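So the chains spell out like this:
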Amino acid sequence: MPAITYIHPNGRSDRVETSDGESAMQAATRHGVDGILAECGGNAMCATCHVYVDESWLARLPAMADEEDALLEGTASERLPNSRLSCQIHITPALDGLIVRLPERQV
Ligand code: FES
């Protein structure tokens, strides 16, 4: 199963195994990774699943939809060029080893 590493603002990291069809948000919440609230449950309505994708992985992610782009304008922590909504990152075998950083806050 593809694995994702979540790096917290204090440098601590959590590496979790994902399941088929899961999003990076679902993998985090299923494993109790704190720092991702996902208040809307993955429906692209809340932006509380904001993550910063490691630069080395950015080009390997699918382009974001307009809906995600608009929501990222309302994140609690600063939007950066590598900002994404983790509920919109659907894990595939090609993303095995993905690294994302968690923002200071989600609300
Ligand atoms: Fe709400 Fe991702 S969980 S936008």
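Counting from 1, residues in each chain are numbered in the order their sequence is written. Given that this is a predicted model, residues contribute local features only at a pLDDT of at least 70 and side-chain atom pairs are listed and counted only at 80 or more, while totals for whole chains, interfaces and linings are drawn from all residues. The basis for every side-chain value is the complete set of non-hydrogen atoms in the structure, without hydrogens or water.

Draft legend 1. The arrangement of the sheet that holds strand β3 (residues 50-53) in detail. Pairing between strands is defined by DSSP: at least two bridges between the two strands are required. Helix and strand definitions follow DSSP, with helices as H or I runs of at least four residues and strands as E runs of at least two, each counted in order from the N terminus. A sheet is described by the order of its strands in space; here five strands give the open sequence β2-β1-β5-β3-β4, paired in mixed fashion. A single partner strand is all that each edge strand has here, and the edge strands are β2 (13-17) and β4 (83-85). Adjacent strand axes in the sheet meet at a mean angle of 35° when their direction is disregarded. Note on method: axes are straight lines fitted to C-alpha atoms, helices fitted across the in-contact stretch only, with angles between N-to-C directions ranging 0 to 180 degrees.

Draft legend 2. Layout of the pattern of salt bridges. Between Lys or Arg on one side and Asp or Glu on the other, a salt bridge is scored when a side-chain nitrogen of the former is within 4 Å of a carboxyl oxygen of the latter. Under the criterion given, the structure shown has eight salt bridges. Notably, a salt bridge pairs arginine 30 with glutamate 22, separated by 2.5 Å at the nearest N-O pair. Each residue is placed in one exposure class: buried if its accessible area under a 1.4 Å probe, protein chains only, is under 20% of its type's maximum, exposed if it is over 50%, and partly exposed if it falls in between. Judged by relative accessible area, which is 47%, arginine 30 ranks as partly exposed. Residue glutamate 22 is classed as buried on the basis of its relative accessible area, which comes to 9%. Connected through salt bridges with shared partners, the residues Arg12, Asp14 and Asp34 form a single ionic network.

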